[in-house]
Amino acid sequence: QVQLVESGGGLVQAGGSLRLSCAASGRFFSINAMGWYRQAPGKQRELVAALTSGGGLNYADSVKGRFTISRDNAKNTVSLEMNSLKPEDTAVYYCNAKYTIPLITKQYDGWGQGTQVTVSS
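Residues numbered from 1 in each chain as written. Predicted model: local features only at pLDDT ≥ 70, side-chain atom pairs only at ≥ 80, totals over all residues. Heavy atoms only, no water.

(A) Highlighting the packing of aromatic side chains. Enumeration over the complete set of coordinates arrives at two aromatic pairs. Plain terms: the ring middles of Tyr37 and Trp111 are 5.0 Å apart, the flat faces sit at 70° to each other, and that makes the pair edge-to-face. Of this pair, Tyr37 sits in strand β4 (residues 30–39) while Trp111 sits in strand β10 (residues 108–111), placing them 74 residues apart in sequence. Looking at Tyr37, the relative accessible area reads 17%, which means it is buried. Accessibility expressed as a relative area gives 36% for Trp111, which makes it partly exposed. In this structure, Arg45 packs its charged tip against the face of Tyr94, placed 3.7 Å from the ring centre. Over the ring of Trp111 we find Arg45, and its NZ or CZ is 4.6 Å from the ring centre. (Phe/Tyr/Trp six-rings, centres within 6.5 Å; stacked < 30°, edge-to-face > 60°. Helix = DSSP H or I, 4+ residues; strand = E, 2+ residues; numbered from the N terminus. Buried < 20%, exposed > 50% of the residue type's maximum accessible area, 1.4 Å probe, protein only. Lys NZ or Arg CZ within 6 Å of the ring centre and 35° of its normal.)

(B) Structural context of the side chain of Arg71. Relative to the helices and strands, Arg71 is located in strand β7 (residues 67–72). The buried charged residue Arg71 lacks any salt bridge, with Asp72 as its nearest oppositely charged partner at 7.8 Å. Reaching out from Arg71, the side chain makes a polar contact with the backbone oxygen of Ile31 at a distance of 2.9 Å. At a separation of 3.2 Å, a polar atom in the side chain of Arg71 contacts the side chain of Ser53. (Lys, Arg positive; Asp, Glu negative; His and termini not counted. Salt bridge = Lys/Arg side-chain N within 4 Å of Asp/Glu carboxyl O. Polar contact = N/O pair within 3.5 Å; in protein donor to acceptor, adjacent residues only side chain to side chain.)

The values reported here are purely geometric and, on their own, carry no functional implication.
As structure tokens, this is what we get:
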């Protein structure tokens, strides 16, 4: 099992910036991808950005050019730099890790507890 601990959420005015960080720990064989999802009230959880171990990158169209994801494979951490924030970015942001455990070929999904990001207009 992997444990994910997030930090860095908060309240910011529109146009401002925030940085989210997530650290993975626990018993796993490898982490294939790490990323961030978000869920606004009354909406489904959606992908914000993800980065694979091989460097594959995926951003939601709504955050391209404003958000930057980075990952330290050696430290099993992932960060999300969020610039030019908009009120519609308000949501609970969840760290995600896709990982495997020893002797099992199945890939698992791990989730952090979530951190609130609120952007005021």
